[in-house]
Amino acid sequence: MIAEEISLGMKVRYPRTGTTGKILRIEEIRGVTFAELDSTNLLYRIDHLILATGPAKTTKTIVEDAKQVIAREREFAAGSELQEALKNIDQSCEGGG
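Residues numbered from 1 in each chain as written. Predicted model: local features only at pLDDT ≥ 70, side-chain atom pairs only at ≥ 80, totals over all residues. Heavy atoms only, no water.

Trainee: Describe the overall build of the chain, and please don't skip the residues or the numbers.
Mentor: Summing up its helical and strand segments, the chain has two helices and five strands in all. Counting from the amino terminus, the chain carries its helices and strands in the arrangement β-β-β-β-β-α-α. Across the 97 residues that make up the chain, the buried fraction comes to 15%. Accessible area of the chain: about 8100 Å², with a carbon and sulfur share of 52%. (Helix = DSSP H or I, 4+ residues; strand = E, 2+ residues; numbered from the N terminus. Buried < 20%, exposed > 50% of the residue type's maximum accessible area, 1.4 Å probe, protein only. Areas by Shrake-Rupley, 256 points an atom, 1.4 Å probe, with all protein chains shown as cover.)

Trainee: Which residues make up the sheet that holds strand β4 (residues 43-45), and what values do they have?
Mentor: The strand order across the open sheet built from five strands is β4-β3-β2-β1-β5, with neighbouring strands paired in antiparallel fashion. Of all the strands in the sheet, just β4 and β5 (50-51) have a single pairing partner and so form its edges. Where strand β1 (residues 11-14) meets strand β2 (residues 19-29), four bridges bridge the pair, whose relative direction is antiparallel. In the strand pairing of β2, Lys-11 is matched with Lys-22. (Pairing = 2+ DSSP bridges.)

Trainee: Before we move on, could you go through the side chain of Glu-36 and cite the residues and values that matter?
Mentor: The topology assignment puts Glu-36 in strand β3 (residues 32-37). Exposure remark for Glu-36: the relative accessible area of 12% places this residue in the buried category. At a separation of 2.3 Å, a polar atom in the side chain of Glu-36 contacts the side chain of Arg-25. Excluding anything up to four places from it in sequence, Glu-36 contacts Lys-22, Ile-23, Leu-24, Arg-25, Asn-41, Leu-42 and Leu-43. (Polar contact = N/O pair within 3.5 Å; in protein donor to acceptor, adjacent residues only side chain to side chain. Contact = heavy atoms within 4.5 Å.)

Trainee: So what's going on with the environment of Leu-43? Which residues, and what values?
Mentor: Considering the arrangement of structural elements, one finds Leu-43 in strand β4. Here Leu-43 falls in the partly exposed class, since its relative accessible area comes to 33%. Separated by 20 residues in sequence, Leu-43 and Ile-23 place their C-alpha atoms 9.6 Å apart. In this structure Leu-43 touches Arg-25, Ile-29, Phe-34, Ala-35 and Glu-36, once residues within four positions along its chain are discounted.

Trainee: Give me the lowdown on the pairing of β1, citing residues and values where you can.
Mentor: Only one face of β1 is covered, namely the face carrying Val-12 and Tyr-14; the face carrying Lys-11 and Arg-13 is uncovered. Between β1 and β2, which pair antiparallel one after the other, the connecting turn spans four residues, and Gly-18 there sits at a positive phi close to 80 degrees. Pairing of β1 with β5, which is carried by two bridges, proceeds in the antiparallel orientation. Bridge pairing links Arg-13 to Ile-50 in β5.

Trainee: So what about the side chain of Thr-33? Which residues, and what values?
Mentor: In this structure, Thr-33 sits in strand β3. Note on Thr-33: relative accessible area 17%, which makes it buried. With residues near it in sequence (within four places) discarded, Thr-33 still touches Ile-26, Glu-27, Glu-28, Tyr-44, Arg-45 and Ile-46.

See below:
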């Protein structure tokens, strides 16, 4: 990027490490322009930054019917694995203390 392309609040990425963030401030040191990113509060040379574009993060939510959950839990409770596990315990609470 060049200095004319950047502005405060712009979302950018530093490709060497994958760091992304919004530009908090722009500073020139010894003739080289740097931008501070909000994610790290570090200065990055603007000629090494690229515009961070892409789809917004989305989360996938799984919605399950309560009747299906109850049926699955009942099936598990009636299964032989749970019954076998219950046979192998002596109902004591051995906390080790």
